[in-house]
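Residue-level structure breakdown
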Amino acid sequence: MERLTSPPRLMIVSDLDHTMVDHHDPENLSLLRFNSLWEHAYRHDSLLVFSTGRSPTLYKELRKEKPLLTPDITIMSVGTEITYGNSMVPDHGWVETLNNKWDLGFVKEEAGKFPELKLQAETEQRPHKVSFYVDKSKAQEVTKELSQRFLKRGLDVKIIYSGGMDLDILPQGAGKGQALAYLLKKLKTEGKLPVNTLACGDSGNDAELFSIPDVYGVMVSNAQEELLKWHAENAKDNPKVIHAKERCAGGIIQAIGHFKLGPNLSPRDVSDFLECKVENVNPGHEVVKFFLFYERWRRGEVENSEAYTASLKASSHPGGVFVHPSGTEKSLRDTIDELRKYHGDKQGKKFRVWADQVLATDTTPGTWIVKLDKWEQDGEERRGCTTTVKFTAKEGEGLVWEHVQQTWSEESKVKDDSSWII
């Protein structure tokens, strides 16, 4: 968040399972569409927040399974944990807030008296969250009785039922909505209140997100019955909350366009690489566009045409250098020539490429340094490189690639120098 010197243009606060992540989409296409849009148009001046019911353990598992971007802020365990950045630094002020009128031992004791409640895995039991499974037919009755018992014990708690089976008990001041309200207040204090905020969800524990004043909201098309019921009873006349026609991340992109919050054309929705241009000089866009082309080239989804390689060479400096993760230095133009022989080698295979944390710095007039993490998913194998690109702008020529350096990411499962191209 330190990179932002002014209020974020947009802050997206999104649930993960069945909202940002479509578990019925084995190719993760809607998520990859969102990824390229965010890195191309928003990463440099906006904030991405994931707000999930998952514990840190299950959240990290999901990151290994799906091509998720790195958020600026992560809200986990149904709004009871807030962390910042890639290293997930906890917000201690939020922890202190939640400690008020909360007694974990009492909560477990009372809830343990209900045979209808089945305790979830140990990883899902958190300092400010106790989680159970409950049959849908018993949920309303159990919630009512449990609330009355807590009230008699003087406990100030909140019970949230979501997903048709999950029942979470939290401090009254916790939840996704309160975590978002806390975050907005904190950003305002720091002079960084977002110009616009878009909340995105699909289930009952997301309802609170849509209750925060001055926040736009989207329920994705596959939203669950419990959230649609809440909307019908509480927010059907609110023009700032819509029910999208598209599933998951596709619904988020739709909402960006509906509310006119900024660009909503993902580079993945542009079919011709040569026509994928932007009006202003945008080094981040160039990087996203290139690696998208690289994916399509290897999948055989673009023609093996001289026009493409000629275009790539024209945008590369004649003396441009590529430093391979192995440490070997190559000519950029030779690397492009080498790419020719890999056309279509991943055709029909599960091969995807995405860029994460794309940040461009204007070092001197006409010169940019772009840093990013470039990832490849090849079947079940995932590998990534920390990538640094130096661009220069030449009149009439646009951006020119001068230097590319890659080193293996610490998070990369596979580090095979021999099969890594660029």
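Residues numbered from 1 in each chain as written. Predicted model: local features only at pLDDT ≥ 70, side-chain atom pairs only at ≥ 80, totals over all residues. Heavy atoms only, no water.

1. Overview of the overall build of the chain
What counts, and what does not: To qualify as a helix, a DSSP run of H or I must reach at least 4 residues; to qualify as a strand, a run of E must reach at least 2; elements of each kind are numbered from the N terminus. Only C-alpha atoms enter the radius of gyration; for comparison, a globular chain is expected to reach 2.2 Å times N to the power 0.38, where N is the number of residues. Throughout this description, buried means an accessible area under 20% of the type-specific maximum (1.4 Å probe, protein chains only), exposed means over 50%, and partly exposed covers the range between. Between two residues, a contact is recorded if the distance between any of their heavy atoms is within 4.5 Å. Note that accessible areas follow from Shrake-Rupley with a 1.4 Å probe, and for residues the cover is restricted to the protein chains shown. The convention is simple: Lys and Arg are positive, Asp and Glu are negative, and His and the chain ends are not counted. Every charge is mapped to an atom, namely NZ of Lys, CZ of Arg, CG of Asp or CD of Glu.
Looking only at helices and strands, the chain has 11 helices and 18 strands in total. Radius of gyration (C-alpha) of the chain: 24 Å, near the 22 Å computed for a compact globule of 422 residues. On the principal axes, the C-alpha backbone points of the chain span a range of 75 × 40 × 35 Å. Counting over 422 residues, the chain shows a buried share of 54%. The long-range share in the chain, meaning contacts at least 24 apart out of those at least 6 apart in sequence, stands at 64%. Of the roughly 18900 Å² that the chain leaves accessible, carbon and sulfur atoms contribute 49%. Here the chain contributes 56 positively and 64 negatively charged side chains, and the mean placements of these two sets differ by 1 Å.

2. Structural notes on the packing of helix α10 (residues 306-314) against helix α11 (residues 332-339)
The relative placement of two packed helices comes down to the angle between their axes together with the axis-to-axis distance. We apply this condition: Lines fitted to C-alpha atoms define the axes here, with helix axes fitted over just the stretch in contact, and angles between the N-to-C directions of these axes take values from 0 to 180 degrees. With respect to orientation, any angle under 35 degrees is reported as roughly parallel, any angle over 145 as roughly antiparallel, any angle of 65 to 115 as roughly perpendicular, and every other angle as oblique. It is the rotation of the near helix from the far one that decides the hand of a crossing: anticlockwise by less than a right angle makes it left-handed, clockwise makes it right-handed.
Contact geometry for α10 and α11: axes closest at 10 Å, N-to-C directions at 165 degrees. Relative to α11, α10 is oriented roughly antiparallel. The handedness of the crossing between α10 and α11 comes out as right-handed. Across from T309, L312 and K313 in α10, the residues of α11 making contact are R333, I336 and D337.

3. Things to note about the sheet that holds strand β9 (residues 166-171)
Formally: Strand pairing is assigned whenever DSSP identifies at least 2 bridges connecting the two strands.
The strand order across the open sheet built from four strands is β6-β7-β9-β8, with neighbouring strands paired in antiparallel fashion. Of all the strands in the sheet, just β6 (118-119) and β8 (157-162) have a single pairing partner and so form its edges. With two bridges joining them, β6 and strand β7 (residues 130-133) adopt antiparallel strand pairing. Counterpart to K118 in the pairing with β7 is Y133.

4. Let's talk about unusual backbone geometry
The backbone of V78 shows a phi angle near 55 degrees, a positive value even though the residue is not glycine. Topologically, V78 is positioned in the loop between β3 (73-76) and β4 (81-84). A positive phi angle, near 65 degrees, is found at D214, a position not held by glycine. Positionally, D214 belongs in the loop between β10 (196-201) and β11 (216-219). Its relative accessible area of 65% is what places D214 among the exposed residues.

5. Concerning the pattern of salt bridges
Note that side chains of opposite charge can pair when their charged atoms are close. Here is the rule: Each salt bridge in this description consists of a side-chain nitrogen of Lys or Arg and a carboxyl oxygen of Asp or Glu lying within 4 Å of one another.
Under the defined criterion, the tally for this structure stands at 33 salt bridges. R33 is the salt-bridge partner of D269, the closest N and O atoms lying 3.0 Å from each other. One end of the pair, D269, is in the loop between α8 (248-258) and α9 (283-298); the other, R33, is in helix α1 (residues 29-41), and 236 residues separate them in sequence. Across the pair K176 and D206 runs a salt bridge, and its minimum N-O distance is 2.6 Å. Residue K176 is found in helix α6 (residues 176-189), and its partner D206 is found in the loop between β10 and β11; the two are separated by 30 residues along the sequence. Both residues of the pair, K176 and D206, belong to the buried class.

6. Remarks on α8
Counting buried positions along α8 yields eight of 11 residues, so the element is predominantly enclosed. Within the sequence span of α8, burial applies to C248, A249, G250, G251, I252, I253, A255 and I256. Against β1 (10-14), α1, β10, β11 and β12 (241-243) lie the buried residues of α8. A positive backbone phi angle near 55 degrees is found at K260, which sits one or two residues after α8.

7. With respect to the sheet that holds strand β18 (residues 398-408)
Taking strand neighbours across the sheet as the criterion, the six strands line up as β14-β13-β18-β17-β16-β15 in an open arrangement whose pairing is mixed. Both outer strands of the open sheet, β14 (329-331) and β15 (351-364), are each paired with one neighbouring strand and no more. Going from strand to strand, the sheet's axes swing by 20 degrees on average, the running direction of each strand aside. As paired strands, strand β13 (residues 316-323) and β18 are joined by four bridges and run parallel to one another. Residue pairing in the sheet places S316 in a bridge with W401 of β18.

8. Focus on empty space enclosed by the protein
Going by this rule: Think of a 1 Å grid over the protein atoms and nothing else: a 1.4 Å probe that fits but is trapped marks a cavity, an open set flanked by protein within 12 Å on at least five of seven lines marks a pocket, and residues with an atom within 4 Å of a point count as lining. Grid points are joined across faces, edges and corners, and a volume is the space filled by probe spheres set on the points. In the scheme used here, Gly and all other residues not listed as nonpolar or charged are polar, with Ala, Val, Leu, Ile, Met, Phe, Trp, Tyr, Cys and Pro taken as nonpolar and Asp, Glu, Lys and Arg as charged.
Taken as a whole and judged by the stated rule, the model has three cavities of 30 Å³ or more. Approximately 100 Å³ is the volume attributed to the largest cavity. L32, N35, S36, E39, R268, V288, F291, L292, V353, W354 and A355 are the residues that line the largest cavity. At the level of elements, α1, α9 and β15 are the ones that each hand at least two residues to the lining of the largest cavity. Tallying contributions element by element places α1 first for the lining of the largest cavity, with four residues. Split into classes, the residues belonging to the lining of the largest cavity amount to seven nonpolar, two polar and two charged.

9. Focus: the layout of surface pockets
One way to see where empty space is left: roll a probe the size of a water molecule over the atoms. Empty space within the largest pocket amounts to approximately 750 Å³. As for the largest pocket, its lining consists of 22 residues, of which Y161, G204, E226, K229 and W230 are closest to the centre. Of all the elements in the fold, those that place two or more residues in the lining of the largest pocket are α5 (136-152), β8 and α7 (225-234). Counting residues per element, the lining of the largest pocket draws most heavily on α7, at six residues.

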